[in-house]
Amino acid sequence: MQTLLLNSDDVAENARLSELIPAIEDAFAAYERGDAQMPPKSYIDLPQYNGDFRSMPAYLDAGEWDAAGIKWVNVHPDNPADHDLPTVLGTMIYSDPETAVPLAIMDGTELTMQRTGAAAAVATDHLAVAEASSMGIVGAGAQAYTQLAAIAEIRPIRKVIISDLDDERVERFVSHFSDRFDVSGGSIQEAASCDVLSTVTPVEDPIVPREAVGEHTHVNAMGADAEGKHEIADEVLLDAKLVIDDHAQTTHSGEINVPYNEGVLTDGDIHAAIGEIVVGNREGRTPEDGITVFDSTGLAIQDVAAAHVVYEHAAENDNGYPFDLLGLN
């Protein structure tokens, strides 16, 4: 059996958001139902390189399909400036659960961006006001692009405010989307006042204050993925209907990790996991809600679900490079 090698262009071409978003929603549901296995994310810390590696294995049964895989991923913030490389790199091994044959080896960097955008879209669909038409983004890196593309699939986004300390990155973002949206650079305060806000920065000191956030804004806190990272002021988290992706991961390395481990925020302040809302066990947005927050650390089940979508379309479209990894042919 051939293993399909898929580069970043192949992943981008076949990660169709119209199918990726429901696949990620299916993954959250499978996890909540107990139809998924996802061992804790393991970390290798490399302070000498200002970076780390993470291993993320998972299996899920979505009913009509099941899938397994593992992603080997890093976060190296110095990469762009020092090596002209992305901050996040990754490799995904996508396997047949029945035989363990590696069906594909694919670029995990593009996969991570696509599934992260799709996860934010799932949360936004359940937690943002139905008529949300404005979106703010703090952080104009690669993740910002898929945040907007995915969320625009499920809300009628027209106005976009992008905020970043790097003016060149803001200009690139504005240029990229100017034909689709009314998009402009702005302050964090302007971005945070929009109907939907996504934060995609690696900061450890909160940069989004409570007074900046609109009274009915939905916040996707996407940047915190390691201990000590913290983008959103504690007052926002405490005032909001707070939804997480996974308790163990968010309390260890998500947006809530700092206030949770300091005792500022407790389990009583967490409304639900996103899977509970997807399967209908807990409510999403209600007419009485003000601010809502989704704390996303990124789950291995998301990678497996995304890899499933990418592989199925790549195989159909003869994308990628098939090779005899196992030496059986």
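Up top is the structure.
Criteria and cut-off values
For every chain, the first residue of the written sequence is number 1, and numbering continues from 1 onward in sequence order. A pLDDT threshold of at least 70 governs which residues receive local features in this predicted model, and a stricter bar of 80 or more applies before side-chain atom pairs are shown or counted, although totals over entire chains, interfaces and linings include all residues. In computing side-chain values, all of the structure's heavy atoms are included and hydrogens and water are not. Think of it in three bands: residues with accessible area under 20% of the maximum for their type are buried, residues over 50% are exposed, and the middle band is partly exposed, with areas taken using a 1.4 Å probe on protein chains only. Strands are runs of DSSP state E lasting at least two residues, helices are runs of H or I lasting at least four, and both sets are numbered from the N terminus onward. Angles here are taken between N-to-C directions and fall from 0 to 180 degrees, while the axes themselves are lines fitted to C-alpha atoms, restricted in helices to the stretch in contact. Oblique is the label for every angle not falling under 35 degrees (roughly parallel), over 145 degrees (roughly antiparallel), or within 65 to 115 degrees (roughly perpendicular). Two helices crossing with the near one rotated counterclockwise from the far one by less than a right angle form a left-handed crossing, whereas a clockwise rotation gives a right-handed crossing. Pairs of residues are marked as contacts when any of their non-hydrogen atoms sit within 4.5 Å. Here the aromatic set is Phe, Tyr and Trp, taking the six-membered ring for Trp, and pairing holds for ring centres within 6.5 Å; pairs whose planes are under 30 degrees apart are stacked, those over 60 apart are edge-to-face, and all others are tilted. What makes a salt bridge here is a side-chain nitrogen of Lys or Arg within 4 Å of a carboxyl oxygen of Asp or Glu, nothing more. Given a helix with a known number of residues, its expected span is that number minus one, times 1.5 Å. For cavity detection a 1 Å grid was placed over the protein atoms alone, and a set of points counts as a cavity when a 1.4 Å probe fits there but cannot get out; an open set counts as a pocket when protein lies on both sides within 12 Å along at least five of seven lines, with lining residues being those that have an atom within 4 Å of a point. Grid points are joined across faces, edges and corners, and a volume is the space filled by probe spheres set on the points. Under the scheme applied, nonpolar residues are Ala, Val, Leu, Ile, Met, Phe, Trp, Tyr, Cys and Pro; charged residues are Asp, Glu, Lys and Arg; polar residues are all the others, including Gly.

(A) Up close: helix H5 (residues 142-151). Within H5, seven of the ten residues are buried, which leaves the element mostly enclosed by the surrounding structure. Those residues of H5 lying buried are Ala144, Thr146, Gln147, Leu148, Ala149, Ala150 and Ile151.

(B) Highlighting the packing of H5 against helix H6 (residues 167-177). Orientation of H5 relative to H6, taken along the N-to-C sense of each, is 30 degrees, at an axis distance of 11 Å. Judged by the inter-axis angle, H5 sits roughly parallel to H6. For the pair H5 and H6, the crossing hand works out as right-handed. Facing Ala144, Tyr145 and Leu148 of H5, the residues of H6 in contact are Arg169, Arg172, Phe173, His176 and Phe177.

(C) Structural view of the packing of aromatic side chains. By the definition in use, this model includes seven aromatic pairs. Measuring from ring centre to ring centre gives 4.8 Å for Phe53 and Trp72, while their planes differ by 10 degrees; the resulting arrangement is stacked. Of the two residues, Phe53 is situated in strand S4 (residues 51-61) and Trp72 in strand S5 (residues 66-75); the sequence distance between them amounts to 19 residues. The partly exposed category is assigned to Phe53, whose relative accessible area is 28%.

(D) The pattern of salt bridges, seen in detail. Evaluated as defined, the whole model comprises eleven salt bridges. Measuring nitrogen to oxygen at the nearest pair gives 2.8 Å for the salt bridge that ties Arg169 to Asp164. In this structure, Asp289 and Lys241 form a salt bridge, with 2.8 Å as the shortest nitrogen-oxygen distance. One end of the pair, Asp289, is in the loop between helix H11 (274-278) and strand S15 (292-295); the other, Lys241, is in strand S13 (residues 241-244), and 48 residues separate them in sequence. With respect to burial, Asp289 and Lys241 carry one shared label: buried. Connected through shared salt-bridge partners, Asp52, Arg54, Asp225 and Lys229 make up one network.

(E) Quick peek at helix H2 (residues 17-33). For H2, spanning 17 residues, the distance from its first C-alpha to its last is 24 Å, which sits close to the expected 24 Å at 1.5 Å a residue. All of the buried residues in H2 are Leu17, Leu20, Ile21, Ala23, Ile24, Ala27, Phe28, Ala29 and Ala30. Taken together, the buried residues of H2 touch strand S2 (36-37), S4, helix H4 (108-127), H5, H11 and helix H12 (300-316).

(F) A look at the layout of surface pockets. Taken as a whole, the largest pocket encloses approximately 1200 Å³ of empty space. Together, 46 residues line the largest pocket, and Thr87, Gly141, Gln143, Val200 and Pro202 are the ones closest to its centre. When contributions to the lining of the largest pocket are tallied by element, the ones reaching two or more residues are S4, S5, H4, H5 and H6. Take the lining of the largest pocket: its biggest share by element is five residues, from H4. By residue class, the composition of the lining of the largest pocket is 21 nonpolar, 14 polar and eleven charged.

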